[in-house]
Amino acid sequence: MIDKIFDLGFKDVFSSLPKEFVTINDALKGKNTIKLVNGIAHQMKSEEIEKLSSNIPIYMWSMVKIPFIIVKTMNVGEYLISGSEWEKRGIWTLIGRESDSLTTVDVEELIKKYRSIIFISLTSSFMQLDE
């Protein structure tokens, strides 16, 4: 019974994650609505996309895909960046350093600036960090 409840909880969490991703370049051109796994449309705010693009070098715009998914690990205060090497480089550029993991402070700052572009998820064997 508890396993079923746990599974249903994970299904809800994972169904609200992005199904689609767009490059920063495409988002700047107006493609700022993506679908979530549950079929709901999610609108990334234009002003946040503009702010993001002003903090990430132009040569990365066609390679970094958004929204970003940040995964909470089981370790206290530790988060990982999901996605390709380019998404990791994008986040590293925003936080000002390369790191294998993010801290709670890093994640709070990212959410304050880019609320509609950041998704937080939980660590699970169902999710691959390097897509």
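Residues numbered from 1 in each chain as written. Predicted model: local features only at pLDDT ≥ 70, side-chain atom pairs only at ≥ 80, totals over all residues. Heavy atoms only, no water.

Asker: Any details on the overall build of the protein chain? Residues and values, ideally.
Answerer: Of regular secondary structure, the protein chain possesses five helices and seven strands. Going residue by residue from the N terminus, the α and β elements of the protein chain occur as α-β-α-β-β-α-β-β-β-α-α-β. Within the protein chain, buried positions represent 39% of all 131 residues. In the protein chain, of all internal contacts separated by at least 6 residues, the share reaching a separation of at least 24 is 57%. (Helix = DSSP H or I, 4+ residues; strand = E, 2+ residues; numbered from the N terminus. Buried < 20%, exposed > 50% of the residue type's maximum accessible area, 1.4 Å probe, protein only. Contact = heavy atoms within 4.5 Å.)

Asker: Could you give an account of the packing of aromatic side chains, naming the residues involved and the relevant values?
Answerer: Evaluation of the coordinates by the stated rule reveals zero aromatic pairs. Positioned above the aromatic ring of tryptophan 86, the side-chain terminus of arginine 89 is 4.7 Å from the ring centre. (Phe/Tyr/Trp six-rings, centres within 6.5 Å; stacked < 30°, edge-to-face > 60°. Lys NZ or Arg CZ within 6 Å of the ring centre and 35° of its normal.)

Asker: Lay out the nonpolar core in plain terms, naming residues and giving numbers.
Answerer: One finds Leu52, Ile66, Phe68, Ile91, Leu102, Leu110 and Ile117 to be the most contacted residues of the largest nonpolar core, which totals 31 residues. Contributions of two or more residues to this core are made by helix H2 (24–28), helix H3 (46–55), strand S5 (68–72), strand S6 (79–82), helix H4 (85–95), helix H5 (104–113) and strand S7 (118–122). (Core = buried A, V, L, I, M, F, W, Y, C linked by side-chain atoms within 4.5 Å.)

Asker: Report on the sheet that holds S7, specifying residues and quantitative values.
Answerer: Taken in spatial order, the three strands line up as S6-S5-S7 in an open sheet, and their pairing is mixed. The sheet is open, and its two borders are formed by S6 and S7, each paired with just one other strand. Strand-to-strand twist of the sheet, defined as the mean angle between neighbouring strand axes without regard to direction, takes the value 30°. Pairing analysis gives five bridges linking S5 to S7, with the strands arranged parallel. Bridged to isoleucine 70 within S7 is isoleucine 120. (Pairing = 2+ DSSP bridges. Axes fitted to C-alpha atoms, helices over the stretch in contact; angles between N-to-C directions.)

So yeah, pure geometry; function would need other evidence.
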